[in-house]
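The primary structure of each chain is shown beneath.
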Amino acid sequence: MRVYADNAATTQMSEAALAAMLPCLREEYGNPSSLHSLGQKAAEILWDSREKVAACIGASPKEIYFTSGGSEADNQAIISAARIGAEKGKRHIVSTSFEHHAVLHTLKALEKAGFEVELLPVGEIGNITPDQVEAAIRPDTCLVTVMYANNEIGSVLPVSEIGAICRDKGVLFHTDAVQAAGHLPIDVSAQNIDLLSLSAHKFHGPKGVGVLYARRGVRLTNVINGGAQERGKRAGTENVAGIAGMAAALEEAVSRLDENAAKVTRLRDRLIEGLSQIPCSILNGDPIKRLPGNVSFCFEGIEGESLLLLLDAKGICASSGSACTSGSLDPSHVLLAIGRPHEIAHGSLRLSLSELNTDEDVDLILAEVPRVVEYLRSISPLWQERR
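If you're wondering where the values come from, they're calculated on a predicted model, not measured in any experiment.

A. Molecular detail of the overall build of the chain. What the chain contains, in helices and strands, is 13 helices and 12 strands. The globule rule puts the C-alpha radius of gyration for 387 residues at 21 Å, and the 21 Å found for the chain is close to it. Overall, the chain is about 70 × 55 × 35 Å in size when its C-alpha atoms are taken along their principal axes. By the burial criterion, 56% of the 387 residues in the chain qualify as buried. For the chain, long-range pairs separated by at least 24 residues make up 73% of all intrachain contacts whose partners lie at least 6 apart in sequence. Accessible area for the chain stands at about 16300 Å²; split by element, carbon and sulfur atoms hold 52% of it.

B. Here's a closer look at the sheet that holds strand 10 (residues 294-299). Taken in spatial order, the 3 strands line up as 9-10-12 in an open sheet, and their pairing is antiparallel. Each edge of the sheet is formed by a strand with only one pairing partner; in this case those strands are strand 9 (281-283) and strand 12 (348-352). Each strand axis lies, on average, 25 degrees off the axis of its neighbour in the sheet, ignoring direction. Pairing geometry for strand 9 and strand 10, over 3 bridges, is antiparallel. In the strand pairing of strand 10, Ile282 is matched with Cys298.

C. Representation of the nonpolar core within the structure. Core analysis: the biggest nonpolar cluster contains 64 residues, and Ile64 and Val144 have the highest contact counts within it. The element contributing the most residues to this core is helix 7 (residues 240-255), with 8 residues. Contacts of Val144, omitting those with residues within four sequence positions, involve Val94, Val133, Ile137, Ile162, Cys166, Val171, Leu172, Phe173 and His174. Counting 27 residues, the second largest nonpolar core, distinct from the first, contains Ala5, Ile278, Leu351 and Val369.

D. View of the sheet that holds strand 7 (residues 195-199). Pairing within the open sheet is mixed, and its 7 strands lie in the order 2-8-7-6-5-3-4. Bordering the open sheet on either side are strand 2 (64-67) and strand 4 (116-120), each of which pairs with just one other strand. Geometrically, the sheet is characterised by an average inter-axis angle of 20 degrees between neighbouring strands, direction not taken into account. Inspection of the sheet shows strand 3 (residues 92-96) paired to strand 4 by 5 bridges, in the parallel sense. In the sheet register, His92 faces strand 4, and the bridge partner there is Glu116.

E. Representation of unusual backbone geometry. With a phi angle near 55 degrees, Asn192 is a residue other than glycine that sits in the positive phi range. When you line up the elements, Asn192 lands in the loop between strand 6 (172-176) and strand 7. Not every positive phi belongs to a glycine, and Cys280 is a case in point at roughly 55 degrees. Here Cys280 shows up in the loop between helix 8 (257-275) and strand 9.

F. Here's a closer look at the pattern of salt bridges. With the rule as written, the count across this model stands at 18 salt bridges. Across the salt bridge formed by Arg350 and Asp6, the nearest N and O atoms sit 3.5 Å from each other. One end of the pair, Arg350, is in strand 12; the other, Asp6, is in the loop between strand 1 (3-4) and helix 1 (15-26), with 344 residues separating them in the sequence. The same class applies to Arg350 as to Asp6, namely buried. Notably, a salt bridge pairs Asp359 with Arg266, separated by 3.0 Å at the nearest N-O pair. Placement of Asp359 in helix 12 (residues 359-378) and of Arg266 in helix 8 is noted, with a sequence separation of 93 residues between them.

About the cut-offs
In this numbering scheme, every chain counts its residues from 1 along its sequence in written order. Local features in a predicted model are, by the rule used here, given only for residues with pLDDT of at least 70; side-chain atom pairs are given and counted only at 80 or more, and totals for whole chains, interfaces and linings are based on all residues. Excluding hydrogens and water, the side-chain values take into account all heavy atoms of the structure. Runs of H or I in DSSP of at least four residues are treated as helices and runs of E of at least two as strands, each being numbered from the N terminus. Each radius of gyration reported is based on C-alpha atoms, and the globular scaling rule is 2.2 Å times the count of residues to the power 0.38. Three exposure classes are used, based on accessible area relative to the maximum for each residue type with a 1.4 Å probe and protein chains only: buried under 20%, partly exposed in between, and exposed over 50%. The criterion used for residue contact is that any of the two residues' heavy atoms lie within 4.5 Å. Computed by Shrake-Rupley with a 1.4 Å probe, the accessible areas treat only the displayed protein chains as cover when residues are assessed. Pairing between two strands requires that DSSP report at least two bridges joining them. Every angle, taken between N-to-C directions, lies between 0 and 180 degrees, and every axis is a line fitted to C-alpha atoms, over only the stretch in contact when it is a helix. By nonpolar core we mean a set of buried residues, namely Ala, Val, Leu, Ile, Met, Phe, Trp, Tyr and Cys, connected to one another through side-chain atoms within 4.5 Å. Here, a salt bridge means any side-chain nitrogen of Lys or Arg that lies within 4 Å of a carboxyl oxygen of Asp or Glu.

Shape descriptors only; they carry no functional weight alone.
Written as structure tokens, this is what we have:
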């Protein structure tokens, strides 16, 4: 038996996504910029996909720009807002200390270009308040960029309230919704979101394709130059098959959002309750405002990589944090941001579920994780010394 519990890293492609992609690969393989009938059919598929994605997040199709994924969308959103601000003499940006590296590294680059970046502390449960954001906004603030939900510890941030504050203050608001799209309700208009990023492979779509939503009137800066694709704002021949698959996957996920969330939340809560029984275990993230499928723990006295390898041998696919930094020897910046000491942050486990998981999957995880933790502690001189 193999249990896949790493859905925050990537998801299994849905049948709906595959069904939408195959015709684009086999029959309708034209370049959407071509004038002949095959090209125009591809252009029709592209527009249909744009309409579907827009409908899923409460946007207009002309506010949807297709990208290679969430990281590219984050980069373009932040760079665009920074340039708009700089033209008005505004160079202050507000974010949080536990954003995805696609955001943090872009902000670091902007700091070198003369911008001032203020990272809000997220506290022990890993969240912020609207009051923190309001207090941080200054007359020279050009952008607030706050993730919708944290990719490692699952905390869901008060995006709607932050959006309302930013709109009232006349400050652009971007949210990295990569972990939220297809799992939590999104309405960019009602939530006063100016810029939003998402990635298809987090909700059963294909890898290598994503979306940047930009509210009409927000002028985008190109980060990829070349042809006139995506209304001149993102050069490169569009991945029509991938885009069609993404649109189908998102449409399906949104149509089943409540049903899926209820099932996954129940499984999540079973896991949290069971793993909490392990001695010296610590739940990471907001215990209430949390992604339906996210379970994040630190176990004192163990090393996360050993835990993952032994769980894999037991048939359980999990992670210690973000897949984007899995090769790093440094502890997670997210866990450090919520105050976990280095030695405890190294013993982290992230289990991320989808609607494809079952109670039998949870049973296996709850049987094997305590055994593996106990074994690792039994061979750890540091743990024995601590005891």
